Amino acid sequence: MRTEGKKMDAMETLEYLGWQFLCSGELLPSGTYQATVRYKAPPSDHIRTLVLDPEKFGSAQLALERAKELAMKWANDRSGDGRGDA
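Residues numbered from 1 in each chain as written. Predicted model: local features only at pLDDT ≥ 70, side-chain atom pairs only at ≥ 80, totals over all residues. Heavy atoms only, no water.

Visitor: A description of the pairing of strand S4 (residues 46-57) should follow, citing residues and the corresponding values.
Guide: Across eight bridges, the pairing between strand S3 (residues 33-41) and S4 is antiparallel. By the bridge assignment, Arg38 is partnered in S4 with Thr49. Hairpin connection, S3 to S4: the antiparallel pair is bridged by four residues, and Asp45 has positive phi, about 65°. (Pairing = 2+ DSSP bridges. Helix = DSSP H or I, 4+ residues; strand = E, 2+ residues; numbered from the N terminus.)

Right, here's the structure in full:
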C-alpha cells in the first residue's frame, strides 16, 4: 500500500488517575495504523510499552483515540499501586 501523503504517526501525552501515558497511532508497513500505549515508569521515567492493539485503523487519529481509550481502561483496571493488581 502506498503511504505517500499519509501522516506517519500521531502521539499525545495523557495524564489519567496519576499515570502518565504516551498514546500513539503508529504507521505500519501495511499502510494501516496501530494503537500503542506506553507509560513513564517511576522513579526512573523509563518508557515501557503496555499495549500494542491488534486492531488496525485507517488513520493515525483513529488509532490515537483508541490508544487513549486503552490507556484509560488499563488505569481503571489497576488498583493504583503500579503492580497491575486489580
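Picking up after the structure, the text goes on.
Visitor: Tell me about the packing of aromatic side chains, and please be specific about residues and values.
Guide: Using the criterion set out here, one finds five aromatic pairs in the structure. Measuring from ring centre to ring centre gives 4.7 Å for Trp19 and Trp74, while their planes differ by 85°; the resulting arrangement is edge-to-face. Highlighted residues: Trp19 in strand S2 (residues 19-27) and Trp74 in helix H1 (residues 60-76), separated in sequence by 55 residues. Note on Trp19: relative accessible area 11%, which makes it buried. Of the residues examined, Trp74 reaches a relative accessible area of 13% and is grouped as buried. Here the aromatic residues Trp19, Phe21, Tyr39 and Trp74 are joined through ring pairs into a cluster of three or more. (Phe/Tyr/Trp six-rings, centres within 6.5 Å; stacked < 30°, edge-to-face > 60°. Buried < 20%, exposed > 50% of the residue type's maximum accessible area, 1.4 Å probe, protein only.)

Visitor: Before we move on, could you go through the sheet that holds strand S1 (residues 9-16) and cite the residues and values that matter?
Guide: Taking strand neighbours across the sheet as the criterion, the four strands line up as S1-S2-S3-S4 in an open arrangement whose pairing is antiparallel. The open sheet has two edge strands, S1 and S4, and neither has a second partner. Strand after strand, the sheet turns through a mean of 20° between neighbouring axes, direction not considered. The sheet contacts of H1 involve S1, S2, S3 and S4, and relative to S2 the element is tilted by about 150°. (Axes fitted to C-alpha atoms, helices over the stretch in contact; angles between N-to-C directions. Contact = heavy atoms within 4.5 Å.)

Visitor: An account of the pattern of salt bridges is requested, with residue identities and associated values reported.
Guide: The full count for this structure, using the stated rule, is six salt bridges. Between Arg38 and Glu26 there is a salt bridge whose closest N-O contact spans 2.7 Å. One end of the pair, Arg38, is in strand S3; the other, Glu26, is in strand S2, and twelve residues separate them in sequence. Classification of Arg38 by relative accessible area gives partly exposed; the value is 21%. (Salt bridge = Lys/Arg side-chain N within 4 Å of Asp/Glu carboxyl O.)

Visitor: Describe the nonpolar core, with residues and values.
Guide: Across soluble globular proteins, you tend to see nonpolar side chains buried next to one another. Core analysis: the largest hydrophobic core is formed by 21 residues, its most contacted members being Trp19, Phe21, Cys23, Tyr33, Ala35, Val37 and Ala71. Counting only elements with at least two residues in this core, the list comes to S1, S2, S3, S4 and H1. Tallying contributions element by element places H1 first for this core, with eight residues. Leave out the neighbours within four places in its chain, and Ala35 touches Ser24, Val51, Leu52, Asp53, Phe57, Ala63, Arg66, Ala67 and Leu70. (Core = buried A, V, L, I, M, F, W, Y, C linked by side-chain atoms within 4.5 Å.)

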